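Read off the chains here:
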Amino acid sequence: MDAKFFKAQVVNGQISKEKQVFTIRHDYHIDGNFFTGKIAYNAYGLVTEIYYPNNKGAYYLKDNYYYNEYNNVIKAVMTMLELNDSIVLKMTYDPKGHLLTTRWNKQSVPIKGWFKKLFYKYFSRDLVDEDYHRYFLSSENDLKGIQEAEFDSITLINNHYFELFDAKGNLLKEKYRYVDTTQIGPLEPKTIDTITVQWEYEYFENGLLKNKRKNVEKRSLQKGLPPMRMYDNSITTWEYNYNSKDKIKEEIKIIEQKPSKTGFLKIKGNTRTFKRTHEYLDGDKKHVIYTYDDKGALEYVTTKIFDEAHKLIEIIVEGDKRKSVDRYDERGNHTSHALFKKNKKISEFTAKYTYDSYGNWISCMLSDNQKNKPQYVLIERTIDYYQ
């Protein structure tokens, strides 16, 4: 599949293409896959290659994906075409298809000097190996049957993820720890963050999520003169209530900031509570969401409107004398995004699609009607089908 972007003009309702472009202004609020590169698929419809173009239209990056017999990705290769170099990610799975390990193979960048140092210092620090350990309260689900007390006492290892499931397969607890090293530039102090994250989940008898709790503890060391140690800990809890149709009725979010410390400075803790309520009207064809801040004041209202087939056709967000309206066609494609201030339209973006016989769009005209100075971008997409 290929997609091409063109500048365009509309005169007397007729569209004329101008020169081809490969970028689009960041403030276009049109959702959808307007990817300008090339995607290749295998006979099973799985992505095997993705090519990414630069602003001149030349491909500078290529991704390759390889699968096992269960359609799980076992290897991904990112090739920097201009450097003739690759980064390889390999993944392994358990017999149930759960991810077990991710392993990065960083090839040496075949150039010398500052760019090589920059690549390894700032870009490759996120390419770390990860291991996943899954335990079940019932030995029938996995060979790693374990008691909850045993799971709680597991000693954490950096970049190892531990998960505990109940006999029904519901995730009960998870915990992991990782180290994040940040250095903006050679003259800036280096910060080493050791972050520990723990999640806990609770369910109703019918399997719906009752609440979840996230505990994040961060210990930091900022290297400099003098070095500075920092400590931060927060606990966030989400509580859920449902109506008689098992649709979400109320969400409560509680953020508890524990006392923290930066060097010799101690900061008091605090607790804030946020709430969101849901209404379902007109036979569930209208879903209204009310969002409140930590003072109990209404921040904004989101209204989702569906058609008879329960496909989303409109989203309206209102708050602080502003309103946005997004509309979608019967195929689920985003067709317009309009902004209002004090009920006066201040901008509008629209998208008009042309479809092929398979129902996939093959051209899209994007229009920016802001300030009565329309700007147009035409996207033409070529899709090859294989039997």
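Residues numbered from 1 in each chain as written. Predicted model: local features only at pLDDT ≥ 70, side-chain atom pairs only at ≥ 80, totals over all residues. Heavy atoms only, no water.

Draft legend 1. Main features of the overall build of the protein chain. From N to C terminus, the protein chain includes two helices and 26 strands. For the protein chain, the proportion of contacts with a sequence separation of at least 24, taken over those separated by at least 6, is 31%. In the structure as shown, the protein chain presents an accessible area of about 24600 Å², 50% of it carried by carbon and sulfur atoms. (Helix = DSSP H or I, 4+ residues; strand = E, 2+ residues; numbered from the N terminus. Contact = heavy atoms within 4.5 Å. Areas by Shrake-Rupley, 256 points an atom, 1.4 Å probe, with all protein chains shown as cover.)

Draft legend 2. Region of interest: the pattern of salt bridges. Overall, the coordinates contain 14 salt bridges when judged by the stated rule. In this structure, Glu49 and Lys62 form a salt bridge, with 3.8 Å as the shortest nitrogen-oxygen distance. You can see Glu49 sitting in strand β4 (residues 47–53) and its partner Lys62 sitting in strand β5 (residues 59–67), a full 13 residues away along the chain. Residue classification places Glu49 among the partly exposed positions, given a relative accessible area of 23%. The closest approach of N and O atoms between Lys173 and Glu148, which form a salt bridge, is 3.2 Å. (Salt bridge = Lys/Arg side-chain N within 4 Å of Asp/Glu carboxyl O. Buried < 20%, exposed > 50% of the residue type's maximum accessible area, 1.4 Å probe, protein only.)

Draft legend 3. View of the packing of aromatic side chains. By the definition in use, this model includes 11 aromatic pairs. An angle of 70° between the planes, with centres 6.2 Å apart, marks the rings of Tyr135 and Phe151 as edge-to-face. With a gap of 16 residues between them, Tyr135 in strand β9 (residues 130–136) and Phe151 in helix α2 (residues 148–152) connect regions that are remote in the sequence. Exposure class is identical for Tyr135 and Phe151. Each is buried. Ring geometry for Trp199 versus Tyr201: centroids 5.8 Å apart, planes at 5°, classification stacked. On the basis of relative accessible area, Tyr201 is assigned to the buried category, the value being 17%. Feature note: the residues Tyr132, Tyr161, Tyr176 and Tyr178 constitute an aromatic cluster, connected by ring pairs. Sitting above the plane of the Tyr66 ring, Lys75 keeps its charged end 4.7 Å from the centroid. Over the face of the ring belonging to Tyr292 we find Lys275, whose NZ or CZ atom lies 5.4 Å from the ring centre. (Phe/Tyr/Trp six-rings, centres within 6.5 Å; stacked < 30°, edge-to-face > 60°. Lys NZ or Arg CZ within 6 Å of the ring centre and 35° of its normal.)

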